[in-house]
Every structure is written in structure tokens, then in C-alpha cells.
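Summary of the model geometry
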Amino acid sequence: MAKAVRRALVAGNWKMNGATAQLKEVRLLAQMLEGVRLNCDVAVCPPFTLLSAVSRVAAKAGIATGAQDCHAEASGAFTGDVAAEMVKDCGASLVIVGHSERRTLHGETDAVVKAKADAAHRAGLTAIVCLGETLEERKAGRTLDVVSRQLEGSLPSVALPADTVIAYEPVWAIGTGLTPTLKEVAEVHGHLRAELARIAGGQRSRGLRLLYGGSVKPANAAELMAAGDVDGALVGGASLKASDFLGIIKAYM
């Protein structure tokens, strides 16, 4: 199956940024995309506090909305947590699980990430499952081993192209301005594609989208998106400003 068969996805992760005033950027992005024929899906993943509001604004422009995390359980005594069903109720259709900042700062294991991905499916959401090595792991030549272990341990029980997306985000490239070479990106994505075939089966795995994330900017987006087996981007800081985010989306215009 050729890469072109997989429709790309460009998703913006706002992280812990944005208040109500940030909605103007979503409205502006919607205006910029009006009447534009895109060759990719577009999504915005704001903080929980803005999820409902962003969903209402984005839906009018065909922009999907996602959450940045969810709890594995549907309900219960989990103060401060948000269930996947609650995310769905806010109008979202996607949820990011296993981002390196969750793994590193909150100690989330592959098993925890898998449980959250399963919860996303239970609620009818698409799970964006994040993987990536640290700088120490890359320097030690362990990149492929690390992402293989994370993929096998974090992939939901049943992963289908319609409900699962994999995002490769090298930890050392997130927010640092550093990016792997195109050869390095293509190597990891090619390896993940082969691992998906081994774990999930050839026909199903060929339809699963592989996103690249880690200091994606308008200046490097087209080059990164052209790397082998890259089906879109998970964008951090550049997604907070409509003009910058559009500069990345333009890689598929």
C-alpha cells in the first residue's frame, strides 16, 4: 500500500498553554482554511479547560479537537483526572496518550499508556500514541530498541487505522529547536512500520498513520513531512499561533 493512501494528520498540542483569549487563534485558523482544499486532516489539542469551547469553534471549520490525556477508568474516585468518556462528551474525537512529558514527569509506563489507549477506544476516540527516545538512549544507539519496546507495550489491544495513530517524538527534540536528520526520521519511521506489521499484521498496519513530532516549524515542515513513512505531524509550540500552524499545514496544501 502506497504512502499516499494514508491521509495525513497535522495535530497541534497546546500543552499547558492558553486561556479563553486563545480561541481567537482557532477562529483565525478556521478563516485561513476556509475554501482551502487540504490533503490532510487538522486537529487542535487544547487544555481540558478549553476543550468544549475549542470543539464548538473548530467543528464549524472541519477541524478536529483532541485532549492531551485521559484516565484509564470510565469513572471513579480519581480527583483531578478526566475520563475518556468526558473527553468525548466535550466534543473531542481524539486524545493524546503517552506523551514523553507524561511518561517522564508523571512516571507513566507502557502499560499505563496502553490502558489509556484502550480507554480512548472504549469511548469512541482516536488514540494518538506517543513514542520516543531520550538523548542518552540515542547516543547509546538504543533508539530502535526503545521505540520497539514502547510500541509493543503501549499499542492498544486492537489498533485500527480509524482509531489509532502513532506519533514518534524524540524526547531530546521536543521544544529544543533540535531535530533529527531526515535520514534518522525515515529510519525510525521505517522501523516502526515494520514493527507494526509484526505486531498488528501487515494489512492492518499499512493503514496506521505515523506522525513525526519534535520542533516541527513552518521552516522545516515540508522537508520533515517528505521523509519516508511520515504521515503528518504532532506539533507543539508552533500550533499556538494560527499563522505558524498554517505554515506547517501548508506542507499538505
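As a reminder, the structure under discussion sits directly above these lines.
Residues numbered from 1 in each chain as written. Predicted model: local features only at pLDDT ≥ 70, side-chain atom pairs only at ≥ 80, totals over all residues. Heavy atoms only, no water.

**Considerations on unusual backbone geometry**
The phi torsion at Ser215 lies on the positive side, around 60°, for a residue other than glycine. Tracing the backbone through its elements, the reader meets Ser215 in the loop between strand S7 (209-213) and helix H10 (221-225). For Asp229, which is not a glycine, the phi torsion comes out positive at approximately 60°. As for its placement among the helices and strands, Asp229 is situated in the loop between H10 and strand S8 (232-235). Residue Asp229 is classed as partly exposed on the basis of its relative accessible area, which comes to 23%. (Helix = DSSP H or I, 4+ residues; strand = E, 2+ residues; numbered from the N terminus. Buried < 20%, exposed > 50% of the residue type's maximum accessible area, 1.4 Å probe, protein only.)

**What about the environment of Arg209?**
Among the structural elements, Arg209 can be located in strand S7. In this structure, the C-alpha to C-alpha distance between Arg209 and Pro170, residues 39 residues apart in sequence, is 17 Å. The contacts of Arg209, once residues within four sequence positions are left out, are Arg6, Arg7, Ala8, Leu9, Asp41, Thr164, Val165, Ile166 and Asp231. One polar contact links Arg209 to Asp41, side chain to side chain, over a distance of 3.0 Å. (Contact = heavy atoms within 4.5 Å. Polar contact = N/O pair within 3.5 Å; in protein donor to acceptor, adjacent residues only side chain to side chain.)

**Notes on the layout of surface pockets**
Here the largest pocket defines a volume of roughly 360 Å³. What lines the largest pocket is a set of 13 residues, and nearest its centre among them are Lys15, Met16, Gln68, Asp69 and Arg102. Residue composition of the lining of the largest pocket, grouped by class: five nonpolar, four polar and four charged. (1 Å grid on protein atoms, 1.4 Å probe; cavity = no way out; pocket = protein on both sides within 12 Å on 5 of 7 lines; lining within 4 Å. Points joined across faces, edges and corners; volume = space filled by probe spheres on them. Nonpolar A, V, L, I, M, F, W, Y, C, P; charged D, E, K, R; others polar.)

**Focus on the pairing of S8**
Burial along S8 is two-sided: the face carrying Gly232 and Leu234 and the face carrying Ala233 and Val235 are both buried. Summarising the sheet, strand S1 (residues 8-13) and S8 pair through four bridges and their orientation is parallel. Bridge assignment links Val10 to a residue of S8, and that residue is Ala233. Bridge analysis of S7 against S8 gives two bridges, and the strand direction is parallel. Bridging across to S8, Gly213 finds its partner in Leu234. (Pairing = 2+ DSSP bridges.)

**So, the nonpolar core**
With 64 residues, the main nonpolar core has Leu29 and Ile249 as its most contacted residues. Setting aside residues no more than four positions away along its own chain, Leu29 makes contact with Val44, Ile63, Ala242, Phe245, Leu246 and Ile249. Core analysis: the next-biggest nonpolar cluster, separate from the first, contains twelve residues, Leu9, Ala167, Leu211 and Leu234 among them. (Core = buried A, V, L, I, M, F, W, Y, C linked by side-chain atoms within 4.5 Å.)

**Regarding the packing of helix H7 (residues 143-154) against helix H8 (residues 182-200)**
Taken N-terminus to C-terminus, the directions of H7 and H8 make an angle of 40°; their axes are 10 Å apart at the nearest point. By the criterion of interaxial angle, the relationship of H7 to H8 is oblique. The two elements H7 and H8 cross, and the hand of that crossing is right-handed. Counting all contacts with H7, which are made through Thr143, Leu144, Val147, Ser148, Leu151 and Glu152, the residues of H8 involved are Glu187, Val188, His191, Leu192, Glu195, Leu196, Arg198 and Ile199. Here the residues of the contact of H7 with H8 sort into seven nonpolar, three polar and four charged. (Axes fitted to C-alpha atoms, helices over the stretch in contact; angles between N-to-C directions. Parallel < 35°, antiparallel > 145°, perpendicular 65-115°, else oblique. Left-handed = near helix turned anticlockwise from the far one by under 90°.)

**Thoughts on the packing of aromatic side chains**
Counted under the stated rule, the structure contains one aromatic pair. For the ring pair Tyr168 and Tyr212, a centre distance of 6.1 Å and an interplane angle of 55° mean the geometry is tilted. Taken together, the residues span a long stretch of sequence, with Tyr168 in strand S6 (residues 164-168) and Tyr212 in strand S7 at a distance of 44 residues. Assessed through its relative accessible area of 0%, Tyr168 is described here as buried. (Phe/Tyr/Trp six-rings, centres within 6.5 Å; stacked < 30°, edge-to-face > 60°.)

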